[in-house]
Amino acid sequence: MKRIVTYFARHAQALVGTVGGLARTPLTSLMTIAVIGIALALPAAMWVGIDNAMKLSNGWEGPGRISLFLKRDLSDNAAQKLAEKIRRRNDIAKVDFISREQAFEEFKRNSGLGETLENFERNPLPAVLVVHPTSEASQAQTLERLVRELRQRDEVDIAQLDLEWVKRLQAWLGLAQRTVVILGGLLAIAVLLIVGNTIRLAVMNRRDEIEVSKLVGATNAFIRRPFLYTGLIQGTAGAVLAWILVQSSLWLLSGPVRELTQLYGSGFRGVGLDMSSSVILLLAGAGLGWAGARLAVGRHLHAIEPK
Amino acid sequence: MIQFSQVSKRYATGYDALKNINFTLENGEMAFLTGHSGAGKSTLLKLIALIERPSRGQAVVNHKNLARVTRRQVPIFRRTLGIVFQDYKLLHDRTVFDNVALPLVVAGMEHREIGKRVRAALEKVSLLNKERAHPITLSGGEQQRVSIARAVVGKPSLLLADEPTGNLDTQLAEEILDIFLDFHHHGTTVLIATHDTHLLARARKRVLQLDHGELARDNGARA
């Protein structure tokens, strides 16, 4: 019990000493914290941006378009009736009817095969219903279910969901996300080096103190402790700064984003760093600060031996 | 207690600092280590404090065979020694009290106990009234007394000093010597490296004289 108390007392002592030391050199400490903060804020902000883009693309209204190719023997009248029926569903915003004649005319016009098509005795094209689901029903999963339902109708020959470009967008976002991870890794190394360099200078500045401490019987763990706390505190403070930077940037952007999404008729609302992301950011900062300090102290402590 | 048998030290440069040194310093004994500069006085003290390791031979200090003390154990071993340096090695960014407290802080002693011990040590060197001062404001003799207080605050059984009066005038040197004699009378083993013959004459203690790395004279050697 007494040993545990002593252990914590020693750590508390080192912590208080460290905070005091940081307060004695406020400018240097703040510079280091600022650099760490910006280095952490960059990947965090990009991550939040991509996260929002993914949420936005999931709820996009445009892409959820279903083309129903009707059976060829179906009359225009029956097709119109089907369109009306589908239109009445509450997960459908709009249904466009393209009759066989319209489809044929359009094809002749656009394909450039007008002459050749004259030779067809019968119109080979089916009538098409273009179904636009409401935005609420535009999640990938609900769309797939809707397509399955529509496909089962007798009048429908082929039901096709046009999600290709959403998938492409999401692939792009996946790529961007991967890029952020790589960038984040590089910036994490940068944070390690920044903290490492600060700690290296601190070790050099306290050369005499380290030497004397070693002479009077200080263990390496004792000498390391204040430096590790310095790294830990600077890393954590950097992470807090990064959090503030990201959240305030999002707050500044929230107005224009709302205008933009309203223009597109979407109720989308951007999200910031949630609880778990914030915790991860904080832990990353603290961990990188500690690790950077550990690496630097480990390398430079051995060089300082009493002579 | 110090026991050297056939101890030699050759530095990486090939320089032989100590050659085949044999002597025993009993518990509670006081001795001076003397000789010209470069004779090996400092090297011998460094071997005892495990700042350097012998190239050959066996050294036993405070019943510990130094060859068996691993790197990790060195700090714990050093806590059983008190060391005084010619250049004092005080930390100028902290008070006299904090300088003297360092060995106890390092050893993880309780706060209240540290206060008591530090004041007791400062009292022994007559500097109790300077505990809040910074070393830079003190005279050379006072600074050396602070460093002695720091060396004895952990109640070491062995006190080492490397030219402790090297930077002091005769009167201050005598004051410092008297402090060492006082610790010796209270049972501490004391080994002082010095080339100050005046000090040797005044103390009239055992003298180990080194000459080019060899033990040339030992007026109190016991078989």
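Residues numbered from 1 in each chain as written. Chains lettered and ligands numbered in written order. Predicted model: local features only at pLDDT ≥ 70, side-chain atom pairs only at ≥ 80, totals over all residues. Heavy atoms only, no water.

Draft legend 1. The arrangement of the sheet that holds strand β8 (residues 189–193) of chain B in detail. Residue and element names in this part refer to chain B. Reading across the sheet, the 6 strands line up as β6-β7-β8-β3-β9-β10 and stay open at both edges, with mixed pairing between neighbours. Edge strands, defined here as strands with exactly one partner in the open sheet, are β6 (81–84) and β10 (214–218). Each strand axis lies, on average, 20 degrees off the axis of its neighbour in the sheet, ignoring direction. Where strand β3 (residues 30–34) lies against β8, 4 bridges are found, and the strand directions are parallel. What sits directly across from Ala-31, in β8, is Leu-191. Each of β3, β6, β7 (158–162), β8 and β9 (206–211) touches helix α1 (residues 41–48); the most contacted strand, β7, lies at about 150 degrees to it. The sheet strands contacting helix α5 (residues 140–152) are β6 and β7, and the helix crosses β6 at an angle near 170 degrees. (Pairing = 2+ DSSP bridges. Helix = DSSP H or I, 4+ residues; strand = E, 2+ residues; numbered from the N terminus. Axes fitted to C-alpha atoms, helices over the stretch in contact; angles between N-to-C directions. Contact = heavy atoms within 4.5 Å.)

Draft legend 2. How the structure looks around the pattern of salt bridges. Within the structure shown, the criterion is met by 21 salt bridges over all chains. As a salt-bridge pair, A:Glu209 and B:Arg94 come within 2.8 Å of each other at their nearest N and O atoms. Of this pair, A:Glu209 sits in helix α8 (residues 207–215) while B:Arg94 sits in the loop between β6 and α3 (96–106), each in a different chain. A salt bridge links B:Glu131 to B:Arg132; its shortest N-O distance comes to 3.8 Å. For B:Glu131, a relative accessible area of 13% translates into the label buried. Each of A:Arg206, A:Glu209, B:Asp93 and B:Arg94 takes part in salt bridges that share partners, so that together they form one network. (Salt bridge = Lys/Arg side-chain N within 4 Å of Asp/Glu carboxyl O. Buried < 20%, exposed > 50% of the residue type's maximum accessible area, 1.4 Å probe, protein only.)

Draft legend 3. Looking closely at the packing of aromatic side chains. Residues and elements named next belong to chain B. Summed over the entire model, instances satisfying the criterion amount to 1 aromatic pair over all chains. Lys-89 extends its terminal NZ or CZ atom over the ring of Phe-85, reaching a point 5.3 Å from the ring centre. The ring centre of Phe-97 lies 5.5 Å from the NZ or CZ of Arg-132, which sits over that ring. (Phe/Tyr/Trp six-rings, centres within 6.5 Å; stacked < 30°, edge-to-face > 60°. Lys NZ or Arg CZ within 6 Å of the ring centre and 35° of its normal.)

Draft legend 4. Representation of the domain arrangement of chain A within the structure. When cut into domains, chain A gives domain 1 (2–59 + 168–301) and domain 2 (65–162). Using C-alpha coordinates to define each centre, domain 1 of chain A is positioned 55 Å away from domain 2 of chain A. (Domains from an automatic or database assignment.)

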